[in-house]
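Observations on the three-dimensional arrangement
Each chain, letter by letter, is given below.
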Amino acid sequence: MRLENKVALISGGARGMGAVEAQLFVNEGAKVVIGDILEDEGRRTEAQINESGGECIFVRLDVTSEASWQQAVAATVARFGKLDVLVNNAGIFRTEGVLETSEELWDQVMEINAKGVFLGTKHAIPEMRKAGGGSIVNISSVAGLTGGPGSAAYRASKGAVRLFTKATAIQYAADGIRANSVHPGIIETDMTTPNLLVDETARQRSAARHPLGRVGQPQDVAYGVLYLASDESSFVTGSELVIDGGLTAQ
Ligand code: NAP
């Protein structure tokens with residue numbers, strides 16, 4: 001088992017990629033805490049994972065709140081004794097370009113996507129130090145690597161995650177704490193079905209942007225996150241794992 005004896009906290013784990021990662025982590029022997037603002041979906045995901053024979057708990061977590069992170073980390077340690085892996089996965093997607101972006105929208109995207117990653121990292125590191133090391137996996141995006149039409153605040157937030165990850169990696173390498181970012185292309189989740197995958201035409205247009213000729217599935221990303229969470233990646237820190245069907249290789 002690739003995550004035997006590991007304890008992981010996954011933000012935004014109620015649904016989408018975070019929920020798939022939670023199930024995969026449990027399948028690989030981890031004990032998992034999923035934190036999300038979506039309480040009903042979080043409880044459902046918790047029950048499904050436990051029915052599969054895993055050990056998972058849901059905690060209410062608003063990643064924009066420092067107090068909420070403190071409670072989530074404390075709940076993790078209270079239940080499972082330590083924290084080895086943090087996946088900063090919670091995020092929101094907004095398509096507006098620069099001129100269409102209000103100050104409120106900018107602040108909302110940066111609060112969840114960028115400040116949320118900072119706060120999670122800040123409160124996970126002391127527990128990881130106690131555990132003798134750890135792995136932080138930050139979900140950025142191809143939008144954190146390249147420019148493009150629209151999504152001005154989203155791109156800025158995901159670019160911030162990319163470099164914050166490297167800062168974390170350098171500052172805590174001596175503690176045995178690794179930090180890496182993951183950069184998915186378009187993945188089929190509730191985040192993309194209302195916009196980039198809204199109908200067959202949009203789906204085909206999105207698929208065609210990826211040289212492999214399809215959009216990604218949550219499992220495509222989850223296997224990369226599993227690698228970075230596990231000791232298999234013990235010499236990998238400050239790196240960027242691009243999972244995009246070749247989108248940014250062009
Ligand atoms: P998703 O299905 O919308 O899941 C994200 C989860 O995060 C949702 O449950 C969401 O709840 C939650 N969340 C939002 N704000 C939160 C907060 N303040 N505190 C705690 N949880 C919060 O999206 P996904 O596609 O799985 O995305 C996961 C991550 O991958 C995100 O960071 C996203 O930016 C990134 N990503 C996605 C794609 C893609 O194509 N899907 C591509 C590249 C990167 P709400 O529904 O209430 O917002």
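In this report, the structure presented in the accompanying data block is examined.

Moving on, we get to the pattern of salt bridges. Where charged atoms from two side chains of opposite charge come close, those side chains can pair. Inspection of every chain in the model, using the stated rule, returns 14 salt bridges. With a closest N to O distance of 3.0 Å, Glu39 and Arg60 form a salt bridge. Of this pair, Glu39 sits in helix H2 (residues 39-51) while Arg60 sits in strand S3 (residues 55-60), placing them 21 residues apart in sequence. Among the residues examined, Arg60 registers a relative accessible area of 43% and is labelled partly exposed. Across the pair Glu46 and Arg43 runs a salt bridge whose closest N-O atoms are separated by 3.9 Å. In this pair, Glu46 and Arg43 are both assigned in helix H2, three residues apart and thus about one turn of the helix distant. Put simply, Arg162, Lys166 and Glu240 are held in one network by salt bridges that share partners.

If you look at the biggest cluster of nonpolar residues, it comprises 28 residues, and the most contacted ones within it are Phe25, Val32, Val87, Val137, Val182, Val221 and Val225. Elements with a contribution of two residues or more to this core: strand S1 (7-11), helix H1 (16-27), strand S2 (31-36), S3, strand S4 (85-88), strand S5 (134-139) and helix H7 (218-229). In terms of residue count, H7 provides more of this core than any other element does, six residues in total. Leaving out residues up to four positions away in the same chain, Val137 has contacts with Leu86, Val87, Asn88, Asn180, Val182, Val225, Leu228 and Ala229. In this structure, Val7, Val59, Val63 and Trp69 belong to the second largest nonpolar core, which totals 27 residues.

Another aspect to go through is the pairing of S4. Both faces of S4 are covered, namely the face carrying Val85 and Val87 and the face carrying Leu86 and Asn88. Here three bridges tie S1 to S4, and the two strands are oriented parallel to one another. Bridge pairing in S4 places Ala8 opposite Val85. Sheet topology places S4 next to S5; four bridges connect them, and they run parallel. Considered in S5, the bridge of Val85 is made with Ser135. At this point the chain moves from S4, through helix H4 (residues 103-131), to the parallel S5, and the crossover so formed is right-handed.

Close to the ligand lie 27 residues; Arg15, Asn89, Tyr154, Ile187 and Thr189 are nearest. In this structure, Arg15 approaches the ligand through a side-chain N or O atom, which is 2.8 Å from an oxygen atom. Contact between the ligand and Val63: a nitrogen atom at 3.0 Å from a main-chain N or O atom of the residue. Protein coverage of the free-state accessible area of the ligand, which is 870 Å², stands at 92%. For the shell around the ligand, the secondary-structure elements that each account for two or more residues are H1 and helix H5 (152-172). Looking at the shell around the ligand residue by residue, the class counts come to 14 nonpolar, nine polar and four charged.

Calculation notes
Residues numbered from 1 in each chain as written. Predicted model: local features only at pLDDT ≥ 70, side-chain atom pairs only at ≥ 80, totals over all residues. Heavy atoms only, no water. Salt bridge = Lys/Arg side-chain N within 4 Å of Asp/Glu carboxyl O. Helix = DSSP H or I, 4+ residues; strand = E, 2+ residues; numbered from the N terminus. Buried < 20%, exposed > 50% of the residue type's maximum accessible area, 1.4 Å probe, protein only. Core = buried A, V, L, I, M, F, W, Y, C linked by side-chain atoms within 4.5 Å. Contact = heavy atoms within 4.5 Å. Pairing = 2+ DSSP bridges. Right-handed = clockwise from strand over helix to strand, strands pointing away. Near = heavy atom within 4 Å. Polar contact = N/O pair within 3.5 Å; in protein donor to acceptor, adjacent residues only side chain to side chain. Areas by Shrake-Rupley, 256 points an atom, 1.4 Å probe, with all protein chains shown as cover. Nonpolar A, V, L, I, M, F, W, Y, C, P; charged D, E, K, R; others polar.

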